[in-house]
Structure formats: structure tokens, C-alpha cells
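Commentary on secondary and tertiary structure
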Amino acid sequence: MITKQWSMTDKLDMTNIEEATYLLRSGEIVAFPTETVYGLGADATNERAVKKIFQAKGRPADNPLIVHVATKEQVANLVEHIPSYVEILMEHFSPGPITYVLKSNGKVASAVTGGLDTVGVRIPNHPVALQLLQTCNIPLAAPSANVSGKPSPTSADHVAYDMDGKIAGIIDGGPSKNGLESTVVDCTKEVPVILRLGGISANQIESVVGAVDVLTQTSAQHTPKSPGLKYKHYAPEVPLTLLIRQANNAQQFIDKKKKKGLKVGILWCGKLQRVFQPVEKVIHLGDNEKEIAKNLYASLRSFKKGDVDSIICIVPSTNDIGQVVIDRLQRAATEIY
Ligand code: TXA
Ligand code: MG
């Protein structure tokens, strides 16, 4: 299959939006930009179209997809009931990086929900995504547009690297503004429960609705409420060693890898205070949470097999990094010290 590419980095192009709409309405897959990461979109009401997403990504069938819509009314169209705290959350944070898990009314294809009776719905805050959703006028199931297990794509090039030849089209909307995925919130309980940390923090949610729970990783392993949590995620091409408590001993870790004859890449978060020798590649992720979030996945993807054999990621202080980045690094890592 030839994968079409449309560039909409500067302004919306309605001819391209209509071409993408035609393909989506015909049951094809089109990747599109959102404010978080790029999504791999298909008609959420078309079982066969949705199955193509799982195939293109190599995604396990029991890991449900997020459905994207343009308006709050369209959220209501897909679910049995909207609790009053969700109305409040939507007023504050939608469109934006938050996904509401609600009881499905059965309108989306069963492949979307991976056999669950709930559906995750999100209104993305991106002009191209919103225009595409409006023009299509169908809900679009869209996971992150990466091959399963790899870092999410934050540019159209990342999508093409993983998906060229496998999908009908890619809309280039420039680099993703946020760089990390949406917060997934279970809204089927009296109190919202965060299943995946993301763009909207627990504090932000608590500040508008008064209470929030966060599903910890250990409790998630016992009861995989968000099925995605049990799978490997965000892995770069070569193994990543994450140094948090041992950040001060980074040189020792480098020396150990070097003794084994390995080529070492360094990924550094926060203030760059020391230069490590000898290594093959060094990337400074940034000094603050926003910068680091935006650069994280592109940086993980830039370490290529052959150039380096091992990545050492150094986090000198978790204070300036943010909880979400730490969460993603922990999932990307093969070892943590
Ligand atoms: O920012 C984002 O959320 C991006 C953009 C494209 O919107 N999408 C994204 O989708 O990250 P994906 O498929 O990579 O991650 C969706 C997560 C998975 O962990 C999945 O298990 C969870 O959301 N999820 C989806 N529907 C769910 C449901 N009904 N119940 C529990 N968890 C659900
Ligand atoms: Mg993903």
C-alpha cells in the first residue's frame, strides 16, 4: 500500500482534509496530529477498519483504543451516562489531554473496547484533529501511531518510520505540542480514578472536582483496569538503564558498559552539570518539565541500533522532571537503579 502524506504544518487545507475524510469513511487508516502525540485513526463504528489498526500496530486485541470526537455532545452519543463530575471536568479540560472512560452504549465497534463494557473518549485540542473530526462526522478510534511497544510518535516522520506502507495516509501537523499522552481517567466510579498519568495532573483534577484516586502500578498489576498497563511500552531500539537514586554514580555505570565493549548513549534530564567520557552520543532532554516532555519520545527514537548498544538515562533530581516523564521512563527502562 502506498501511504499518502499531506502537509498541514502551517495552515488547514480543506482539500486534504476531505481526501483524508474520504479514506476514513471508506474504512482506511489515516494518522493525524493531536496536541499530545500522533494518533492512528479509523472509523470507530466500523469493526473491520478498527481491526486494521491492531494489525498495523501489532497491538494485542485486549488493549482498548481511545475514541476521538469533536464535541461534548458527541461524547454523550457514545456512552450510557455522563456523571456530573465528568461534566465539570469537560468544562475545564476538554478539548485537551484527558480521556474519560465511561460505560459504552454499544455504538462503537466491539474491537475498540477490547471486550470491555466501557469506552475511553477524548476531545483532542488540535486544529487539524478537530477539523478532521468535524468533516468526517464519525468518531475516530486512535491509539498512538507507533508500532506497539515503541515510543509514541511526536512527528509525522516518526509515524512514517513505523507505518509507511501499512496505512492509507499521514497528515503532517508539525511536532506535537505536549509530547506525552492524555491522562486516562476511569469515570465509572463515584470518584474519578486515574488509570494512566498524562497531560492533566491529579492535582488539576482534584482542584475542580474535589477528589481523585490514582491507580498505582502495583495495584494495576493485580487488577489490570487499564489493559495497556500490563504491556511493555515506549522502548527504544536498544536497552535503557535508568539512574534515579544512583544518578551520582553514572560514571561507574558507563565504565561497566564500556568494559563490556558496548557503545553508550547518554540521555540527561535537568541541569547538565558534568560531562561524561567517553560516550558515543549525549542528548540533553531539557531543564524543565515542559521541555523534557516535548523532547522525550523523539530523543528515545534518535538512539539507533548500531550507533549505540546501551542508553544510560540520568535523572539527577525528580523535582524538575514531572511525574509523567518519570512514569514513561520507568516503563521504557530495562533496568532501574
Ligand atoms: O494522548 C493520547 O491519549 C493518544 C492520542 C493519539 O490521543 N492516544 C493514546 O492511545 O495514547 P493509546 O492507545 O496509545 O493508549 C490508550 C490507553 C491504553 O493504556 C488503554 O489501555 C487505555 O488507554 N484505555 C483505552 N480505553 C480504555 C477503557 N475502556 N478502559 C480502560 N483503559 C482504556
Ligand atoms: Mg500508545
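Residues numbered from 1 in each chain as written. Chains lettered and ligands numbered in written order. Predicted model: local features only at pLDDT ≥ 70, side-chain atom pairs only at ≥ 80, totals over all residues. Heavy atoms only, no water.

**Regarding the overall build of the protein**
Regarding its fold elements, the protein presents twelve helices and 16 strands. Compactness check: the protein gives a C-alpha radius of gyration of 20 Å against a globular reference of 20 Å for 337 residues, within 12% of the reference. On the principal axes, the C-alpha backbone points of the protein span a range of 60 × 50 × 35 Å. Within the protein, the proportion of its 337 residues that are buried is 55%. By sequence separation, contacts in the protein at least 24 residues apart represent 69% of the contacts at least 6 residues apart. Measuring between centres, the 37 positive side-chain charges of the protein sit 6 Å from its 34 negative side-chain charges. (Helix = DSSP H or I, 4+ residues; strand = E, 2+ residues; numbered from the N terminus. Rg over C-alpha atoms; globule rule 2.2 N^0.38 Å. Buried < 20%, exposed > 50% of the residue type's maximum accessible area, 1.4 Å probe, protein only. Contact = heavy atoms within 4.5 Å. Lys, Arg positive; Asp, Glu negative; His and termini not counted. Charge placed at Lys NZ, Arg CZ, Asp CG, Glu CD.)

**What about the site of ligand 1?**
Near ligand 1 you find 28 residues, and of these T36, N63, H68, S144 and S182 are the closest. Contact between ligand 1 and N63: an oxygen atom at 2.7 Å from a side-chain N or O atom of the residue. Take R122: an N or O atom from its side chain is 3.0 Å from an oxygen atom of ligand 1. Protein chains bury 97% of the 680 Å² of accessible surface belonging to ligand 1 in isolation. Among the secondary structure elements, those contributing two or more residues to the shell around ligand 1 are strand 4 (66-68), strand 6 (118-122) and strand 10 (193-196). Grouping the amino acids of the shell around ligand 1 by side-chain chemistry returns 13 nonpolar, ten polar and five charged. (Near = heavy atom within 4 Å. Polar contact = N/O pair within 3.5 Å; in protein donor to acceptor, adjacent residues only side chain to side chain. Areas by Shrake-Rupley, 256 points an atom, 1.4 Å probe, with all protein chains shown as cover. Nonpolar A, V, L, I, M, F, W, Y, C, P; charged D, E, K, R; others polar.)

**Some words on the domain arrangement of the protein**
Considered domain by domain, the protein is made up of domain 1 (4-222) and domain 2 (240-336). Computed over C-alpha atoms, the centres of domain 1 and domain 2 are 29 Å apart. With 20 residues of domain 1 at the contact, the number on the domain 2 side is 14 residues. Note on domain 1 versus domain 2: buried area summed over both sides is about 1400 Å², and carbon and sulfur give 55% of it. Joining domain 1 to domain 2, the criterion identifies two salt bridges. Between E181 and R328 there is a salt bridge, with the nearest N and O atoms lying 3.0 Å from each other. On the surface where domain 1 and domain 2 come into contact, there are five residue pairs in polar contact (both at pLDDT 80 or more). Per element, the largest residue contribution to the side of domain 1 that touches domain 2 is three residues, and it comes from helix 7 (residues 156-163). A per-class count over the side of domain 1 that touches domain 2 returns six nonpolar, nine polar and five charged. (Domains from an automatic or database assignment. Buried area = accessible area lost by both parts, 1.4 Å probe. Salt bridge = Lys/Arg side-chain N within 4 Å of Asp/Glu carboxyl O.)

**Here we look at the side chain of T3**
Counting through the fold element by element, T3 comes out in the segment before strand 1 (4-7). In this structure the side chain of T3 is engaged in a polar contact, spanning 2.7 Å, whose partner is the backbone nitrogen of G165. In terms of polar contacts, T3 uses its side chain to reach the backbone carbonyl oxygen of I167, at 2.8 Å. Apart from residues no more than four positions distant in its own chain, T3 is found in contact with M163, D164, G165, K166, I167, A168, G169 and I170.

**Focus: the sheet that holds strand 15 (residues 310-314)**
Where strands meet in a sheet, backbone hydrogen bonds hold them as pairs that are either parallel or antiparallel. An order of 14-13-15-12-16 is seen for the five strands of this open sheet, with the pairing classed as parallel. Edge positions in the sheet fall to strand 14 (281-286) and strand 16 (335-336), since each has one partner strand and no second. As paired strands, strand 12 (residues 240-243) and strand 16 are joined by two bridges and run parallel to one another. The residue bridging L242 from the neighbouring strand is I336, located in strand 16. In the packing of helix 11 (residues 289-302) onto the sheet, the strands contacted are strand 12, strand 13 (264-269) and strand 14, and the crossing angle to strand 14 comes to about 155°. The strands touched by helix 12 (residues 323-332) within the sheet are strand 12, strand 13, strand 15 and strand 16, with strand 12 carrying the most contacts at an inclination of about 140°. (Pairing = 2+ DSSP bridges. Axes fitted to C-alpha atoms, helices over the stretch in contact; angles between N-to-C directions.)

**Brief notes about the nonpolar core**
In this structure, L40, Y100, V112, L132, I171, I205 and L267 are the most contacted members of the largest nonpolar core, which totals 96 residues. With six residues, helix 6 (residues 127-136) is the largest single contributor of residues to this core. Taken together, domain 1 (4-222) and domain 2 (240-336) each give at least three residues to this core, which thus spans both. Those residues within four positions of Y100 in sequence are excluded, and the remaining contacts are V86, L89, M90, F93, S94, V119, G120, V121, V185 and C187. Counting residues in each nonpolar core, the second largest holds eleven residues, with F253, I254, V264 and I314 among its members. (Core = buried A, V, L, I, M, F, W, Y, C linked by side-chain atoms within 4.5 Å.)

**As for the pairing of strand 6**
The element strand 6 is largely enclosed, with a buried count of five among its five residues. Burial along strand 6 is two-sided: the residues T118, G120 and R122 and V119 and V121 are all buried. Bridge analysis of strand 5 (residues 98-103) against strand 6 gives four bridges, and the strand direction is antiparallel. When the sheet's bridge partners are listed, K103 is paired in strand 6 with T118.

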